[in-house]
Amino acid sequence: MSAVKNITLNDGHTIPQLGFGVFKIDPKDAVEAVSKALEIGYRHIDTAQMYGNEKQVGEAIRTSGLERGDIFVTSKLNNGFHRPDDARKAFETTLSDLGLDYVDLFLIHWPLPTLYDGDFVSTWKTLEEFHRDGRARSIGVSNFQTAHLKRLADETEIVPAINQIEVHPYFSNQEVRSYDQAHQIATEAWSPLAQGKVLHDPTINQIAQKIGKTPAQVVLRWHIQRGDIVFPKSVTPPRMKENFDLFDFELDPSDIETISKLDKGEHGRIGPNPDTFDYIPK
Ligand SMILES: NC(=O)c1ccc[n+]([C@@H]2O[C@H](COP(=O)([O-])OP(=O)(O)OC[C@H]3O[C@@H](n4cnc5c(N)ncnc54)[C@H](OP(=O)(O)O)[C@@H]3O)[C@@H](O)[C@H]2O)c1
Ligand SMILES: CCCCCCO
């Protein structure tokens, strides 16, 4: 099994290009799933306050026997906590729930429209504090569209290291990916398998059959060769292993192009449109 590639961010830190996502992993299953992922070799975990499993992620990390510095941990600020004081408290809860004194990456989960007399710009300035005091090694955003990123560029100091957005073969999100690339912002592709919806695609299955890989490996390898960071979720150990084996084969450029043509534009989205999504948890 070949090693996972690292990507260098615009702040000089490195991130494993492949990680493990824990959205929708029930807290009662999360210690076991994350422990298994670490045992398989994953060294990058993507969680969020919204996922309700930070305590379990922390427990799996603590009991893994691995060094803190060997694992890249991401969490995200929950919607509804954008006011600077709320964001500070929420970030402290993340650190204490994870049982860590720093996270490798902290993201604004969604670019919510103005909720009070500030907005995501003042939220970003609060994340800049976490970065300066070292408790968030890197800071970034999630679900930011180009208009949101332009406001940060005009009104704040630090360029986000990461923009985590929906990307998969049915929704290539090319406009935002291009903006990220032009501004040294690394793109993370969330729901890289479209939550399983692309795995029955005949074109993807044909390529998989031709090269003797699984549809999930073909799709994940497509992301890797396009340069995006991915963290597929699975609670099924054989799938977790399969998804981790991406660095000992390559797709032909023509197959990359064929998969990229499966893009359905806006119709391909499986998640909310960031311009209209304003869900605040109770
Ligand atoms: N920032 C955001 O707003 C945002 C939004 C969505 C997701 N995310 C992040 O992205 C991560 C991944 O996205 P996701 O969890 O939505 O979906 P995903 O990784 O695209 O797909 C997960 C689904 O695919 C199945 N699966 C995984 N590997 C498979 C394989 N090799 N063969 C067949 N089926 C397979 C899983 O089933 P089983 O688990 O049953 O095996 C699960 O149902 C999340 O966990 C989260 O960390 C972020
Ligand atoms: C209901 C959509 C929220 C998805 C957030 C996962 O990171």
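Our structure's up above, just so we're on the same page.
Parameters and conventions
Along each chain, residue indices are assigned from 1 in the same order as the chain's sequence is written. Here every chain gets a letter starting at A, and every ligand a number starting at 1, in the order they are written. At least 70 in pLDDT is required for a residue's local features to be given in this predicted model, at least 80 for side-chain atom pairs to be given and counted, and no such filter applies to totals for whole chains, interfaces and linings, which use all residues. No hydrogens and no water enter the side-chain calculation; it runs on all heavy atoms of the structure. Elements are defined by DSSP. Helices are runs of H or I of four residues or more, strands are runs of E of two residues or more, and each kind is numbered from the N terminus. Note on method: radius of gyration uses C-alpha positions; expected globular size equals 2.2 Å times residues raised to 0.38. Each residue is placed in one exposure class: buried if its accessible area under a 1.4 Å probe, protein chains only, is under 20% of its type's maximum, exposed if it is over 50%, and partly exposed if it falls in between. We call two residues in contact whenever any of their non-hydrogen atoms come within 4.5 Å of each other. In this tally, Asp and Glu contribute negative charge and Lys and Arg positive charge; neither His nor the terminal groups of the chain are included. Think of each charge as sitting on NZ of Lys, CZ of Arg, CG of Asp or CD of Glu. Whether a residue is near a molecule or strand depends on its heavy atoms: if one lies within 4 Å, it is near. For this analysis, a polar contact is any N or O atom pair within 3.5 Å, provided that within protein one partner can donate a hydrogen and the other can accept it, and provided that sequence-adjacent residues contribute only side-chain to side-chain pairs. All accessible areas in this document rest on Shrake-Rupley with a 1.4 Å probe, and a residue is counted as covered only by the protein chains that are shown. Polar here means any residue other than Ala, Val, Leu, Ile, Met, Phe, Trp, Tyr, Cys and Pro, which are nonpolar, and Asp, Glu, Lys and Arg, which are charged; Gly is therefore polar. Strands are labelled as partners when DSSP assigns at least two bridges between them. To estimate the expected span of a helix, count its residues, drop one, and scale the result by 1.5 Å. Each patch is assembled from residues with relative accessible area greater than 30% and no salt bridge, linking like charges that lie within 9 Å and nonpolar side chains (Val, Leu, Ile, Met, Phe, Trp, Tyr) that lie within 5 Å. Just to be clear on terms, a salt bridge is a Lys or Arg side-chain nitrogen sitting within 4 Å of an Asp or Glu carboxyl oxygen.

Participant: I tried to follow the overall build of the protein on my own but got confused; where do I start?
Facilitator: A tally of helices and strands in the protein yields 10 helices and 10 strands. A compact globule built from 282 residues should have a C-alpha radius of gyration of about 19 Å, and the protein, at 18 Å, falls within 12% of that. For the C-alpha atoms alone, the extent of the protein along its principal axes is close to 55 × 40 × 35 Å. Burial analysis of the protein (282 residues in total) assigns 54% to the buried set. A sequence separation of at least 24 residues applies to 73% of the contacts in the protein between residues at least 6 apart. Measuring between centres, the 31 positive side-chain charges of the protein sit 3 Å from its 41 negative side-chain charges.

Participant: Can you walk me through the site of ligand 1 in this structure?
Facilitator: Taken together, 29 residues form the shell around ligand 1, and within it Asp 46, Ser 191, Lys 233, Ser 234 and Thr 236 come nearest. With respect to ligand 1, the side chain of Gln 164 contributes an N or O atom lying 2.9 Å from a nitrogen atom. Taking Asn 243, its side chain carries an N or O atom lying 2.9 Å from a nitrogen atom of ligand 1. Considering ligand 1 on its own, with 910 Å² of exposed area, one finds that the protein chains cover 88% of that surface. Considering only residue class, the shell around ligand 1 consists of 13 nonpolar, 11 polar and five charged.

Participant: What's the story with the sheet that holds strand 9 (residues 186-190) in this structure? I'm lost.
Facilitator: In a beta sheet, neighbouring strands are held together by backbone hydrogen bonds and run either parallel or antiparallel to one another. Ordered in space as 3-4-5-6-7-8-9-10, the eight strands form an open sheet in which the pairing is parallel. Either end of the sheet is taken by a strand with one partner, and the two such strands are strand 3 (20-21) and strand 10 (229-230). Across two bridges, the pairing between strand 9 and strand 10 is parallel. Within strand 10, the residue paired with Ala 189 across the bridge is Val 230.

Participant: I tried to follow unusual backbone geometry on my own but got confused; where do I start?
Facilitator: Excluding glycine, residues mostly carry a negative phi; peptide bonds, for their part, are mostly trans. Phi is positive for Asn 173, which is not a glycine, with a value near 50°. Mapping Asn 173 onto the fold places it in the loop between strand 8 (162-166) and helix 6 (174-182). The exposure class of Asn 173 is buried, given its relative accessible area of 11%. Even without a glycine there, the phi angle at Gln 195 is positive, about 55°. As for its position among the elements, Gln 195 is in the loop between strand 9 and helix 7 (202-211).

Participant: Explanation requested: helix 4 (residues 120-132) in the structure shown.
Facilitator: The α-helix advances 3.6 residues per turn, and as a result positions three or four apart in sequence lie on the same side. With 13 residues, helix 4 ought to run about 18 Å at 1.5 Å a step, and its terminal C-alpha atoms sit 18 Å apart, in line with that. Buried within helix 4 we find Phe 120, Val 121, Thr 123, Trp 124, Thr 126, Leu 127, Glu 128 and Phe 130. One or two residues past the end of helix 4 sits Gly 134, with phi positive at roughly 85°.

Participant: What is the right way to read a positive patch on the surface from this model?
Facilitator: A cluster of basic residues, Lys 24, Lys 197, Lys 233 and Arg 239, forms a positive patch on the protein surface. Inspection of the secondary structure puts Lys 24 in the loop between strand 3 and helix 1 (27-40).

Participant: Could you clarify how one ought to interpret helix 8 (residues 215-225) in this entry?
Facilitator: The buried count for helix 8 comes to 10 of 11 residues, which makes it a mostly enclosed element. Within helix 8 the residues assigned to the buried category are Pro 215, Ala 216, Gln 217, Val 218, Val 219, Leu 220, Arg 221, Trp 222, His 223 and Ile 224. Of the surrounding elements, those touching the buried residues of helix 8 are strand 9, helix 7, strand 10, helix 9 (237-244) and helix 10 (253-260). Looking one or two residues past helix 8, Gly 227 carries a phi angle of roughly 95°, positive in sign.

Participant: What am I meant to see in the pattern of salt bridges here?
Facilitator: Think of it this way: side chains of opposite charge can pair up when their charged atoms draw near. Within this structure, the stated rule accounts for 16 salt bridges. Across the pair Arg 132 and Glu 157 runs a salt bridge, and its minimum N-O distance is 3.0 Å. Remark: Glu 157 occurs in the loop between helix 5 (146-155) and strand 8 and Arg 132 occurs in helix 4; sequence separation between them is 25 residues. Residues Arg 132 and Glu 157 agree in their burial class; the two are exposed. Close ionic contact of Asp 255 with Lys 210 constitutes a salt bridge, the shortest N to O distance being 2.9 Å. Remark: Lys 210 occurs in helix 7 and Asp 255 occurs in helix 10; sequence separation between them is 45 residues. Under the relative-accessibility criterion, Lys 210 is labelled exposed at 53%.

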